[in-house]
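Coordinate inspection notes
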Amino acid sequence: MESIGINWQLLVAFLVNFLILFGLLTAILYKPVLKMLDERSAKIKESLEQAEKIKEQTSRSEEQIKAAIETARKESQVIISQASQIAAKIKEEAKGEARKEADVIIAKARDEIKLERDKSIGELRSEFANLTVLAAEKVIKESLDAQKHMKLINEVLDQSNSFKQN
Amino acid sequence: MSKLGCSNRLVVILGIAVVALALASFTFGPIGARLFGIQTPHELQVSKPHVSLPSEAMFHIGDFKITNTLISSWITIILLCTLFYFATRKMKDVPGRLQGLAEVVVDGIYNTIQGVSGEKYVKTFFPVVTTIFLYVVTNALLALVPLWGTWGPIEEIQEGSHTATVIVPFLRAANTDINLTLSIALISFFFVEYLGFSKIGALNYINSFFHFKELGKALGELFKGNFKAFISGFAFGFINMYVGLLELLSHLIRIISFTFRLFGNMTAGEILIGVMTFLVALIVPSIFYGFETLFGLLQALIFAGLTLVFGLMAVTPQHEEGAEEH
């Protein structure tokens, strides 16, 4: 033991040395550095996750924008088609109304024409009757040969303004 | 082109100078002196290495001897602590050079241990294994610094019939003190046994040596009246107990092998460098300094690695080991 130098006091001193080194290194090297490394890897992981999240968000908002544009386009199409439909309807309505009005006007005109005609016919009739009565009077007063008859009628008719021969 | 030629010439001249110096120191060294009958010049005389296994006491405090190896180990501790104190004083997210060094050391060793022991036990092994590695490797590398082993008072020592002058160095490679290697071996041993007891339970750990359970099972067979099973079980139980004793012995022998592996390698390295310096004073010992750098690293790796492996064996539950055996 003594010839190779084993010495209990020295052995204890070296044991204490090792334990001191162990304690010091734990305090100043292992703990802070491992903590640092853990923190850093946590930070890196976090920032990576954040980047991923941002990327996701960006793509999501891009999609949203695309969807919004798409819906706007669809809506505008719908509006345009509606507008054209409405326009067509308005046109149709206007046409219908115009036609109706025209019909009314035509009907009125017809009525008026009819009225006028009826009136004229009535007047004519009454005049004609008068003339006929007049002619008859004349006929009865004169002889009834054909030549005279014709002449009489012509006279009567000539007397009336309406049937005057030119 | 001329520049290149110049530097080539410089290399050639330097090479020749180096070889010439080596040859000269060989010729004028002890071998050449004997072969060619030349008197060794005083400037090239290197004293014969004096092998002293116990470390030499430098001071006495009461009964306690402060040896040169103890001083060396203090320097190692101071060096390591100062270096890593300044490296980790102001930790930053973006590390500077010193902090980067500390991180490389810690991260490298941590990952290596994790690779061997897995995620579960890496935090248990890391501090002890790393401290052993750093302590041993720093001790070994410091021993190669010029002041170590060469700076100290010259003493006359009676060697057989004639007296020899030897340097008693103030600083001696700490790993060449058997007390130091024994102390780390004891730390390693107690660390491993503590892990065995605490991680898989005292009873399980003891049972992993002696297999009391099988002996108990055999006794159970006896109470059931199954005499044949009892005999074979009992015999196997005893064989297992004997194997367990051997295993216990092997655990104790680990202390000795740890102690003498490091002590022997480092002492042999010191002696080798001493002898080479004695034989060929210049140039050639540099090669052996290179070797010793490698050996210091290797021995530290072996010491730390074996502690890790033994620790891992101690925390691995018995039935798994048994499954591997059968």
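Here we summarise the structure given alongside this text.

A closer look at the overall build of chain B
Scanning chain B for helices and strands turns up eleven helices and four strands. Its C-alpha atoms put chain B at 95 × 65 × 50 Å along the principal axes. Counting every position in chain B, which comprises 326 residues, the buried fraction comes to 39%. Taking contacts inside chain B between residues at least 6 apart in sequence as the whole, the part at least 24 apart equals 64%. With the model as given, the accessible surface of chain B reaches about 18200 Å², and the carbon-plus-sulfur share is 71%. Taken together, the 19 basic and 21 acidic charged side chains of chain B have centroids lying 6 Å from each other.

Some words on the pattern of salt bridges
One pass over the full model with this rule turns up five salt bridges over all chains. For Asp-93 of chain B, the salt bridge goes to Lys-43 of chain A, with nearest N and O atoms at 2.3 Å. Note that Asp-93 of chain B is positioned in the loop between α3 (68–87) and α4 (97–117) and Lys-43 of chain A in helix α1 (residues 8–141), a pairing that runs across two chains. For Lys-43 of chain A, a relative accessible area of 44% gives the class partly exposed. Across the pair Arg-60 of chain A and Glu-56 of chain A runs a salt bridge, and its minimum N-O distance is 3.6 Å. In this pair, Arg-60 of chain A and Glu-56 of chain A are both assigned in helix α1, four residues apart and thus about one turn of the helix distant. What makes Arg-60 of chain A partly exposed here is its relative accessible area of 45%. Classification of Glu-56 of chain A as partly exposed rests on a relative accessible area of 44%.

So, the interface of chain B and chain A
In this complex, chain B contributes 46 residues to the contact, which on the side of chain A involves 30 residues. Summing both sides of the interface, chain B and chain A together bury roughly 3500 Å²; the carbon and sulfur share of this comes to 76%. Sorting the residues of chain B by area buried against chain A places Asp-93, Thr-131 and Asn-179 of chain B first, and these three jointly supply 17% of that buried surface. Applying the counting rule to chain B against chain A returns two salt bridges. Applying the counting rule to chain B against chain A returns nine residue pairs in polar contact (both at pLDDT 80 or more).

Observations concerning the packing of aromatic side chains
Residue and element names in this part refer to chain B. Here the structure, examined in full by the defined rule, presents 18 aromatic pairs over all chains. Taken together, a centroid distance of 6.3 Å and an interplanar angle of 45° make the contact between Phe-209 and Phe-210 tilted. No difference in accessibility class separates Phe-209 from Phe-210, as the two residues are buried. On the numbers, 4.9 Å between centres and 75° between planes, the contact of Phe-234 with Phe-238 is edge-to-face. One end of the pair, Phe-234, and the other, Phe-238, are both in helix α9 (residues 227–279), four residues apart, so they sit about a helical turn from each other. On the accessibility criterion, Phe-234 (28% relative accessible area) is partly exposed.

Here we look at a nonpolar patch on the surface
Residue and element names in this part refer to chain B. The grouping of Tyr-242, Leu-245, Leu-246, Leu-248, Leu-249, Leu-252 and Ile-253 at the surface amounts to a nonpolar patch, some 660 Å² of accessible area in total. Tracing the sequence through the fold places Leu-246 in helix α9. Look at Leu-246 and you get partly exposed, because its relative accessible area is 44%.

Examining the nonpolar core
Soluble, globular proteins show a tendency: their nonpolar side chains are buried together. In this structure, Leu-29 of chain A together with Phe-84 and Phe-125 of chain B are the most contacted members of the largest nonpolar core, which totals 73 residues. For this core, the secondary-structure elements that each account for two or more residues are α1 of chain A together with α3, α4, α5 (122–142), α6 (178–200), α7 (202–210), α9 and α10 (284–315) of chain B. Excluding residues within four positions of it along the chain, Phe-125 of chain B makes contact with Ile-113, Ser-117, Phe-191, Leu-195, Leu-308, Gly-311, Leu-312 and Val-315 of chain B.

Quick notes on α3 of chain B
Between its terminal C-alpha atoms α3 of chain B stretches 28 Å, which fits the 28 Å expected from 20 residues at 1.5 Å a residue. For α3 of chain B, the full list of buried residues reads Asn-68, Thr-69, Leu-70, Ile-71, Ser-72, Ser-73, Thr-76, Ile-77, Leu-80, Cys-81, Phe-84 and Ala-87 of chain B.

Cut-off values and rules
Residues numbered from 1 in each chain as written. Chains lettered and ligands numbered in written order. Predicted model: local features only at pLDDT ≥ 70, side-chain atom pairs only at ≥ 80, totals over all residues. Heavy atoms only, no water. Helix = DSSP H or I, 4+ residues; strand = E, 2+ residues; numbered from the N terminus. Buried < 20%, exposed > 50% of the residue type's maximum accessible area, 1.4 Å probe, protein only. Contact = heavy atoms within 4.5 Å. Areas by Shrake-Rupley, 256 points an atom, 1.4 Å probe, with all protein chains shown as cover. Lys, Arg positive; Asp, Glu negative; His and termini not counted. Charge placed at Lys NZ, Arg CZ, Asp CG, Glu CD. Salt bridge = Lys/Arg side-chain N within 4 Å of Asp/Glu carboxyl O. Buried area = accessible area lost by both parts, 1.4 Å probe. Polar contact = N/O pair within 3.5 Å; in protein donor to acceptor, adjacent residues only side chain to side chain. Phe/Tyr/Trp six-rings, centres within 6.5 Å; stacked < 30°, edge-to-face > 60°. Patch = residues over 30% accessible without salt bridge, like charges linked within 9 Å, V, L, I, M, F, W, Y side chains within 5 Å. Core = buried A, V, L, I, M, F, W, Y, C linked by side-chain atoms within 4.5 Å. Expected span 1.5 Å × (residues − 1).

Interpretation note: all reported values are geometric properties and have no functional meaning in isolation.
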